[in-house]
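Coordinates in review
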Amino acid sequence: MTGQQVVLDRPEVVTEVRAAFDRYEKALAEGDVPVMNELFWNDPRCVRFGVADRQQGGAEIEAWRRAHPSVPPGRVLHDTRVLAVDDRTAVVTTLIRYPDRAIEGRQSQTWVRFPEGWRVVEAHVSELPLTQPGSP
């Protein structure tokens, strides 16, 4: 890449990815399995690591979603960040809180633009206990 300038966070890419991410989060909250499945790359190389589970490939992810269609109520995202690496690749990270749980959830997703639109190709969710409810 000698001589090429790397341009991160093109505003139009950040906007597109954030819209796809928000659509996914809405589907997750509402248990809209078809939309969640649509937004994950349907390929054997797609990976989803959950808090206590893992799936490899579109078929496993779709089956898991049918069995676990939504998240607990009251889920609040904060410190959501979109890093647009180029015009086809972005990473989204966010922190998660629940009003009745003393944990901080962490989520990262790698999004890639395919001809059919933005898709998650890798996702990772983890949780850590908080020392005091509501504190980071």
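A brief report on the enclosed structure follows. (Residues numbered from 1 in each chain as written. Predicted model: local features only at pLDDT ≥ 70, side-chain atom pairs only at ≥ 80, totals over all residues. Heavy atoms only, no water.)

What follows covers the layout of surface pockets. Looking at the largest pocket, its volume works out to about 340 Å³. Lining the largest pocket are 24 residues, and of these Arg-48, Trp-64, Val-71, Arg-75 and Val-125 sit closest to its centre. Broken down by secondary-structure element, the contributors of at least two residues to the lining of the largest pocket are helix 1 (11–30), helix 3 (58–67), strand 5 (103–114) and strand 6 (117–129). A per-class count over the lining of the largest pocket returns 11 nonpolar, 7 polar and 6 charged. (1 Å grid on protein atoms, 1.4 Å probe; cavity = no way out; pocket = protein on both sides within 12 Å on 5 of 7 lines; lining within 4 Å. Points joined across faces, edges and corners; volume = space filled by probe spheres on them. Helix = DSSP H or I, 4+ residues; strand = E, 2+ residues; numbered from the N terminus. Nonpolar A, V, L, I, M, F, W, Y, C, P; charged D, E, K, R; others polar.)

Turning next to the sheet that holds strand 2 (residues 54–56). One open sheet holds the 6 strands; their spatial order is 2-1-6-5-4-3, and the pairing between them is mixed. With partners counted over all chains shown, the strands left at the sheet margins are strand 2 and strand 3 (76–84), one partner each. When strand polarity is set aside, the average angle formed by the axes of neighbouring strands in this sheet is 15 degrees. The strands touched by helix 3 are strand 1 (47–49) and strand 2; relative to strand 2, the strand with the most contacts, the crossing angle is about 140 degrees. (Pairing = 2+ DSSP bridges. Axes fitted to C-alpha atoms, helices over the stretch in contact; angles between N-to-C directions. Contact = heavy atoms within 4.5 Å.)

Right, let's get into the packing of aromatic side chains. Aromatic rings in a pair are described by how distant their centres are and how their planes are angled relative to each other. The full count for this structure, using the stated rule, is 2 aromatic pairs. Between Tyr-24 and Phe-40, the aromatic rings sit 5.7 Å apart at their centres with planes inclined by 55 degrees, giving tilted as the arrangement. Of this pair, Tyr-24 sits in helix 1 while Phe-40 is found in the loop between helix 2 (33–39) and strand 1, placing the two residues 16 residues apart along the sequence. Arg-48 extends its terminal NZ or CZ atom over the ring of Trp-64, reaching a point 4.0 Å from the ring centre. Lying over the aromatic face of Tyr-98, Arg-101 brings its terminal NZ or CZ to 4.9 Å of the ring centre. (Phe/Tyr/Trp six-rings, centres within 6.5 Å; stacked < 30°, edge-to-face > 60°. Lys NZ or Arg CZ within 6 Å of the ring centre and 35° of its normal.)

Our next topic: the pairing of strand 3. Note that strand 3 and strand 4 (residues 89–97) share 7 bridges and pair antiparallel. By the bridge assignment for strand 4, Val-82 is matched with Val-92. Two successive antiparallel strands, strand 3 and strand 4, enclose a turn made up of 4 residues.

Glancing now at the side chain of Gln-109. Mapped onto the elements of the fold, Gln-109 is located in strand 5. In this structure the side chain of Gln-109 is engaged in a polar contact, spanning 3.0 Å, whose partner is the side chain of Trp-111. Among all residues touching Gln-109, those that are not within four sequence positions of it are Phe-21, Tyr-24, Ala-90, Val-91, Val-92, Val-120, Glu-122 and Ala-123. (Polar contact = N/O pair within 3.5 Å; in protein donor to acceptor, adjacent residues only side chain to side chain.)

Okay, the pattern of salt bridges next. Applying the stated criterion across every chain yields a total of 10 salt bridges. The residue Arg-113 makes a salt bridge to Glu-16 at a minimum N-O spacing of 2.7 Å. Of this pair, Arg-113 sits in strand 5 while Glu-16 sits in helix 1, and the two are 97 residues apart along the sequence. Under the relative-accessibility criterion, Arg-113 is labelled partly exposed at 26%. Residues Asp-43 and Arg-45 are paired through a salt bridge, measuring 2.8 Å at the closest nitrogen-oxygen approach. Residue Asp-43 is classed as buried on the basis of its relative accessible area of 13%. (Salt bridge = Lys/Arg side-chain N within 4 Å of Asp/Glu carboxyl O. Buried < 20%, exposed > 50% of the residue type's maximum accessible area, 1.4 Å probe, protein only.)

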